[in-house]
Amino acid sequence: MIFTETKLKGAFIIDIERREDSRGFFARVFCQREFEAHGLKPIIAQSNIAFNLRKGTLRGMHFQYPPAPETKFVRCTRGSILDIIVDLRPESDTFLQHIAVELSEDNHRGLYVPERFGHGYQVLRDNTETSYQVGEFYAPGVEGGLLYNDPRLNLDWPLPVSEISDKDRDWKKLDEFENELIQRMGI
Ligand SMILES: Cc1cn([C@H]2C[C@H](O)[C@@H](COP(=O)(O)OP(=O)(O)O[C@H]3O[C@@H](C)C(=O)[C@@H](O)[C@H]3O)O2)c(=O)[nH]c1=O
């Protein structure tokens, strides 16, 4: 696997190394030792998939507050997505900055999202499946969210939003809960 750290410290793009032969190719997509060697949390508490019927579907921006912050290792196993993560670590030099990474069935790219990041994605093709490993158990009691079109975040979604959950349409703007976020995300 090829680990490339992004401008958000601790967040990595992880590409596969193909072993090709006449059948196709083989590649490793997770290795506890390689994760540890790059300082990534190697725990998989849950492994989830989400299936999306329509391009333009948007899921996010989600996170869990401490004491149950999640790492996420996200891939797109069918179709393609634009995945966006936002640094929510108050002590970070890149607090509230984001990156966007295209993950697709073609590039086999993975994105490792550290704890205390907001995460969301927009689906770029019909019938798209995502698959992601999470380092902490689902804990809806400490779930939080950012509004995908909050002007403070300035996230550039490539398509009009065709589908979104009521929950994701209704997250508060950052201006309304920034102090609480800083307090709860602080270490
Ligand atoms: C995330 C999750 C949801 N659920 C339930 C709650 C609900 O009934 C149904 C759908 O949940 P949601 O609407 O929250 O699903 P979704 O919007 O796909 O949530 C996901 O979005 C992306 C962006 C992430 O980052 C993930 O961590 C996760 O939060 O599944 C679980 O039972 N376990 C889980 O781990």
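Quick notes on the rules
Residues numbered from 1 in each chain as written. Predicted model: local features only at pLDDT ≥ 70, side-chain atom pairs only at ≥ 80, totals over all residues. Helix = DSSP H or I, 4+ residues; strand = E, 2+ residues; numbered from the N terminus. Buried ≥ 20, exposed ≤ 12 C-beta atoms within 10 Å, placed from the backbone. Contact = placed C-beta atoms within 7 Å. UniProt positions renumbered as here; feature names shortened; annotations may be inferred.

Under an unreviewed UniProt entry, the name given to the protein chain is dTDP-4-dehydrorhamnose 3,5-epimerase, and the source organism is Methyloglobulus morosus KoM1.

Q: When you look at the environment of histidine 108 in this model, what are you seeing that I'm missing?
A: Along the chain, histidine 108 falls in the loop between β9 (98–104) and β10 (110–113). For histidine 108, a count of 17 C-beta atoms within 10 Å corresponds to the partly exposed category. When the C-alpha positions of histidine 108 and phenylalanine 177 are compared, they lie 36 Å apart, and in sequence the two are 69 residues distant. Residues within four places of histidine 108 in sequence aside, it is in contact with Ile16 and Ala27.

Q: Looking at this model, I keep getting lost on the environment of serine 104. Mind explaining?
A: On the secondary structure map, serine 104 appears in strand β9. Note: C-alpha distance between serine 104 and glutamate 129 (25 residues apart in sequence) is 9.3 Å.

Q: Help me out: how do you make sense of the UniProt feature "active site" (unreviewed entry) in the protein chain in this one?
A: Feature annotation in UniProt assigns "active site" (unreviewed entry) to the following positions: His62 and Tyr132. In summary, the annotated positions, though distributed over 71 residues, converge in three dimensions, the widest C-alpha pair being only 13.6 Å. Here histidine 62 lies in strand β6 (residues 58–64). Those residues in contact with histidine 62 that sit more than four places away from it in its chain are Gly118, His119, Gly120, Glu143 and Gly145. Looking at where tyrosine 132 falls in the secondary structure, it is placed in strand β12 (residues 128–134). Residue classification places tyrosine 132 among the buried positions, given that 25 C-beta atoms sit within 10 Å.

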